[in-house]
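# Coordinates in review
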Amino acid sequence: MKKLTRNLFVAASLLLSGGIPTMAIAQSETPAASDTPPAQQQSRAQQLYGDIAPKMAELTDEVLYGDIWERPGLSKRDRSLATVSALVAMNRPDQLRSHLAIAKRNGVTEEELIEAITHLAFYSGWPNAVSAIAVAKEVFKK
């Protein structure tokens with residue numbers, strides 16, 4: 001229970017703080033800690049900021065992707081929808097870019113993502129939704 005509480009606290013802190021700009025890039029390509037062979041290949045988080053913020057890279061790999069994203073209570077598809085919604089609501093376009101791509105890989109369609117953003121316009125603010133649609137348009141072109 002103590003570990004669960006700690007992991008939830010860390011995840012909430014990362015979400016609420018908005019992370020650092022390179023976090024979005026790391027999230028788009030960081031495999032779960034269990035998917036990375038130990039000491040053979042560095043994770044994306046380790047490559048991007050492990051030299052300057054090793055604890056942040058470790059938390060990204062072990063807590064965020066190794067625990068939170070792997071919990072059985074929600075599918076990865078549902079986690080992607082929740083994450084995209086939070087990022088739209090907080091107006092975090094850097095992180096939104098990578099999570100829109102992750103959502104598509106997790107089975108969320110472009111139409112569903114646009115519908116979610118449209119729905120969020122009335123709950124998180126019109127400017128946030130307009131910005132999110134611009135980001136989605138950019139991501140969907142790739």
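Before going into details, it helps to say that this report is about the structure given with it. (Residues numbered from 1 in each chain as written. Predicted model: local features only at pLDDT ≥ 70, side-chain atom pairs only at ≥ 80, totals over all residues. Heavy atoms only, no water.)

## Digging into the packing of helix 5 (residues 76–89) against helix 7 (residues 110–124)
Contact pair helix 5 / helix 7: the axes reach a minimum separation of 10 Å and the direction vectors enclose 40 degrees. On the basis of the axis angle, helix 5 is oblique to helix 7. Pair helix 5 / helix 7 crosses with right-handed handedness. Taking contact as the criterion, the partners of Arg77, Leu81, Val84, Ser85, Val88 and Ala89 in helix 5 are, on helix 7, Glu112, Leu113, Ala116, Ile117, Leu120 and Ser124. Looking at the contact of helix 5 with helix 7 residue by residue, the classes come out as eight nonpolar, two polar and two charged. (Axes fitted to C-alpha atoms, helices over the stretch in contact; angles between N-to-C directions. Helix = DSSP H or I, 4+ residues; strand = E, 2+ residues; numbered from the N terminus. Parallel < 35°, antiparallel > 145°, perpendicular 65-115°, else oblique. Left-handed = near helix turned anticlockwise from the far one by under 90°. Contact = heavy atoms within 4.5 Å. Nonpolar A, V, L, I, M, F, W, Y, C, P; charged D, E, K, R; others polar.)

## A look at the pattern of salt bridges
With the rule as written, the count across this model stands at six salt bridges. As a salt-bridge pair, Lys55 and Glu58 come within 3.3 Å of each other at their nearest N and O atoms. Taken together, the residues span about one helical turn, with Lys55 and Glu58 both in helix 4 (residues 54–65) at a distance of three residues. Since its relative accessible area comes to 29%, Glu58 is described here as partly exposed. When the shortest N-O distance is used, the salt bridge between Glu138 and Arg97 registers 2.8 Å. Here Glu138 is found in helix 8 (residues 126–141), whereas its partner Arg97 is found in helix 6 (residues 93–105), with 41 residues between them in sequence. (Salt bridge = Lys/Arg side-chain N within 4 Å of Asp/Glu carboxyl O. Buried < 20%, exposed > 50% of the residue type's maximum accessible area, 1.4 Å probe, protein only.)

Functional significance is not addressed by these values, which are geometric in nature.
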